[in-house]
Amino acid sequence: MVDPRVMGRCEIPRAAGAGVGAGPRRQRRPMRLVTVLAALATLLPAMVVPTMAHAATGWWQDTFVPLERESFPRLKPAYCDREVRRVPSAKYPSIESALTGLRPRTKVVVSAGEYRENTDEWFALRLATDRVCLVARGRVTVRSKGQKYGLLLSGSRVHVSGLRLTGFEVGVSLGRDDSRTQRRVTLTGMRIAARTTGWSEGVVAYPDHRDSGRPVLDGLLLSDVRLRHVVMGVSCNAGPCWHLRLNRVSVRARGGVGESGADAIAVESGRQVVVTGGEVSGAGGDGIDIKGSDVLVRGTTVRAARNGVKLWQGGDVQGVRLLGTGADAALVGDGAGRYRYRDIVVRRHDPGGNGYVGTWGYDSQAGIRLQIEDSEFADNASGGLYVPSSASIWLVGNRFADVGTKLLDVGGEVLPNTAAGLRRLEQSGWGRNNRQ
């Protein structure tokens, strides 16, 4: 049994404020000091609690994951202040001409319009200089003219904002060719619509540094980025990749083209991975598949994928909705680690099937610590949740709506989703306050 004092969360008290009324104007009397103090004491909790609740929603807060906040890129970098190049202009008629011979601390500003760049090359744009910004002003679309890649981005401390990349097999390719680490890349407000036939990817880091252990990419922020028609959405293809933050990233995948590995969001190896907000759907593979450590997934919706959220070394999953997933389980935890799921919803996972809804200890049977709090499971397959007998389990405040199916399988000891099964769960020291 896991001690709830160790794995539990901090409770924020509910506001108990009450207004203080006054009579008609002609009857109003001066309030005594005692009355004023009493009113303030009554109103203070209502004033303070929303502030506390707002503070707790910071992406780095309210989690057991030891996030290295300062190592993640910031949303608005301040290093593009030496020179401005404007496109189109007499000197820079195209975006690629402005990116050629680029010096550090330069901002390239592109005016609204449709651009067809480098029509004789296999890429449309290439950005290899460190400490530069590429910013769209208005609706800027770069459309494929037969090129495979939209943007080859290998510079460090680079900010790209507002571009629309349309019709490419790969929207943005990250990573260097010299085995060095690319650092602090920020992509904001981008719209990537991949080609609609064959294989396609949205944002991907291709290099493989697993032998050296040196990160391919250390510091990536995707904020307000939308991907459409992709077979694979955002991927650290081999890695390792460190300090990745995907904030309000939307992936609408084109399933049926790739294999089961065609995930909406995938990290093959790495650490410090944060996914906040956004929605992923339609993947031929998994919704979110992260083999890295130090993982936080918060406030994201996963629709119509195989596994919904698959973690390999533990992680914290909060406020996530998994709708219409399939394959072997909506929730998967592969190896040793702490897995906490708080305030999640799992609905319509393979309805009518008899597979598991969640499995932990997929390959390794040791070191699994599972905690599920204040969550809802409804209209799912009948297999329930599976953990090995060596696992630490704590289920509290959850609703298991599929009465009569399997609730929990602990290494072959099966608890049914009945009133008796819920009592056995509590008597075994595996949870409390669960309901149907």
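The structure displayed is predicted, hence computed values, not measured ones.

Novice: Please clarify how the pattern of salt bridges should be interpreted in this entry.
Specialist: Side-chain pairs of opposite charge can arise where the charged atoms are in close proximity. The final tally for this structure, using the stated rule, is 26 salt bridges. The shortest N-O distance in the salt bridge between E373 and R342 comes to 3.7 Å. Taken together, the residues span a long stretch of sequence, with E373 in strand β27 (residues 368-373) and R342 in strand β24 (residues 337-342) at a distance of 31 residues. We classify E373 as buried; its relative accessible area is 2%.

Novice: What's the story with the side chain of R191 in this structure? I'm lost.
Specialist: Locating R191 in the fold gives a position in strand β9 (residues 191-193). Overall, the relative accessible area of 17% leaves R191 in the buried class. Contacts of R191, omitting those with residues within four sequence positions, involve L163, R164, L165, D224, V225 and R226.

Novice: Sorry, what's going on with the packing of aromatic side chains here?
Specialist: Here the distance between the centres and the angle between the planes together describe a pair of aromatic rings. Per the stated rule, a full pass over the model turns up eight aromatic pairs. Taken together, a centroid distance of 5.0 Å and an interplanar angle of 70 degrees make the contact between W59 and F72 edge-to-face. In this pair, W59 sits in the loop between α2 (33-55) and β1 (83-87) while F72 sits in the loop between α2 and β1, placing the two residues 13 residues apart along the sequence. A residue is classified by how much of its surface remains accessible, and W59, at 13% relative accessible area, is buried. Both rings, one in Y149 and one in Y206, keep their centres 6.5 Å apart while their planes meet at 90 degrees; by these two values the pair is edge-to-face. Pair noted here: Y149 is in strand β5 (residues 149-153) and Y206 is in the loop between β10 (201-205) and β11 (217-230), with a separation of 57 residues, a long-range link. Classification of Y149 as buried rests on a relative accessible area of 12%. Residue Y206 is classed as partly exposed on the basis of its relative accessible area of 27%. Members of the aromatic cluster, each reached through a chain of ring pairs, are W122, F123, Y149 and Y206.

Novice: Please clarify how the state of the cysteines should be interpreted in this entry.
Specialist: Here a disulfide denotes a covalent bond joining the sulfur atom of one cysteine to the sulfur atom of another. Here the structure, examined in full by the defined rule, presents two disulfides. The disulfide partner of C236 is C241, and the gap between their sulfur atoms is 2.1 Å. The disulfide joining C236 to C241 has a torsion of about 85 degrees about its S-S bond and is therefore right-handed. Among the residues examined, C241 registers a relative accessible area of 0% and is labelled buried.

Quick notes on the rules
- Residues numbered from 1 in each chain as written.
- Predicted model: local features only at pLDDT ≥ 70, side-chain atom pairs only at ≥ 80, totals over all residues.
- Heavy atoms only, no water.
- Salt bridge = Lys/Arg side-chain N within 4 Å of Asp/Glu carboxyl O.
- Helix = DSSP H or I, 4+ residues; strand = E, 2+ residues; numbered from the N terminus.
- Buried < 20%, exposed > 50% of the residue type's maximum accessible area, 1.4 Å probe, protein only.
- Contact = heavy atoms within 4.5 Å.
- Phe/Tyr/Trp six-rings, centres within 6.5 Å; stacked < 30°, edge-to-face > 60°.
- Disulfide = S-S within 2.5 Å.

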